[in-house]
Amino acid sequence: ETLDRIADTIHFAPSKSSRLLQAADMVSYAHLQSVKRQPNALAQAANERIWSQLTGKVREASCWPR
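This structure is a prediction, so every number in the text was calculated from the model and none was measured.

Peer 1: Whenever I open this one, helix α2 (residues 41–54) confuses me. Can you help?
Peer 2: Compared with an ideal rise of 1.5 Å per residue, which puts 14 residues at 20 Å, α2 spans 20 Å between its outermost C-alpha atoms and is within 8% of the ideal. Structurally, α2 contributes buried residues whose contacts are with α1 (19–35). Of the residues flanking the start of α2, the one acting as N-cap is asparagine 40, its side-chain oxygen 2.6 Å from the backbone nitrogen of leucine 42.

Right, dumping it as C-alpha cells:
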C-alpha cells in the first residue's frame, strides 16, 4: 500500500526500540551521504555504492522544503 499523504501529527521517537525506524534512519542517512560531496574520493565512491544497493528499493527520495 502506498502512503500518499500524512493525515496526523508526525511524532519523533528514538529508533532503538523499532526496527522499522532504524531502517528508515539507515536509508535516509545512506541517501544523504550519497548526495553530499565527500572530501575523500574513496568515501564518495563507497557512499554511492551503498546507495546504489538501496536505490531500486526506495520508491522516492526527495527533500521536503523547509
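After presenting the structure, the write-up continues.
Peer 1: Can you help me understand the pattern of salt bridges in this one?
Peer 2: When the charged atoms of two side chains lie near each other, side chains of opposite charge can form a pair. Taken as a whole and assessed by the stated rule, the structure comprises one salt bridge. Arginine 37 is the salt-bridge partner of glutamate 48, the closest N and O atoms lying 3.6 Å from each other. Linking glutamate 48 in helix α2 with arginine 37 in the loop between α1 and α2, this pair joins segments that are eleven residues apart in sequence. With relative accessibility at 37%, the residue glutamate 48 sits in the partly exposed group.

Peer 1: Sorry if this is basic, but what is going on with the side chain of glutamine 33 here?
Peer 2: Relative to the helices and strands, glutamine 33 is located in helix α1. On the accessibility criterion, glutamine 33 (9% relative accessible area) is buried. Filtering out sequence-adjacent residues up to four positions away, glutamine 33 remains in contact with Gln38 and Asn47.

Peer 1: What should I look at first to understand the packing of α1 against α2 in this one?
Peer 2: When two helices pack together, you describe them by how their axes are tilted relative to each other and by the distance separating the axes. One way to put it is that α1 packs onto α2 with a least axis distance of 8 Å and a crossing angle of 135°. By the criterion of interaxial angle, the relationship of α1 to α2 is oblique. In terms of crossing hand, the pair formed by α1 and α2 is left-handed. Two secondary-structure elements touch here, α1 through Met26, Val27, Ala30, His31, Gln33 and Ser34 and α2 through Gln44, Asn47, Glu48, Ile50, Trp51 and Leu54.

Cut-offs applied
- Residues numbered from 1 in each chain as written.
- Predicted model: local features only at pLDDT ≥ 70, side-chain atom pairs only at ≥ 80, totals over all residues.
- Heavy atoms only, no water.
- Helix = DSSP H or I, 4+ residues; strand = E, 2+ residues; numbered from the N terminus.
- Expected span 1.5 Å × (residues − 1).
- Contact = heavy atoms within 4.5 Å.
- Polar contact = N/O pair within 3.5 Å; in protein donor to acceptor, adjacent residues only side chain to side chain.
- Salt bridge = Lys/Arg side-chain N within 4 Å of Asp/Glu carboxyl O.
- Buried < 20%, exposed > 50% of the residue type's maximum accessible area, 1.4 Å probe, protein only.
- Axes fitted to C-alpha atoms, helices over the stretch in contact; angles between N-to-C directions.
- Parallel < 35°, antiparallel > 145°, perpendicular 65-115°, else oblique.
- Left-handed = near helix turned anticlockwise from the far one by under 90°.

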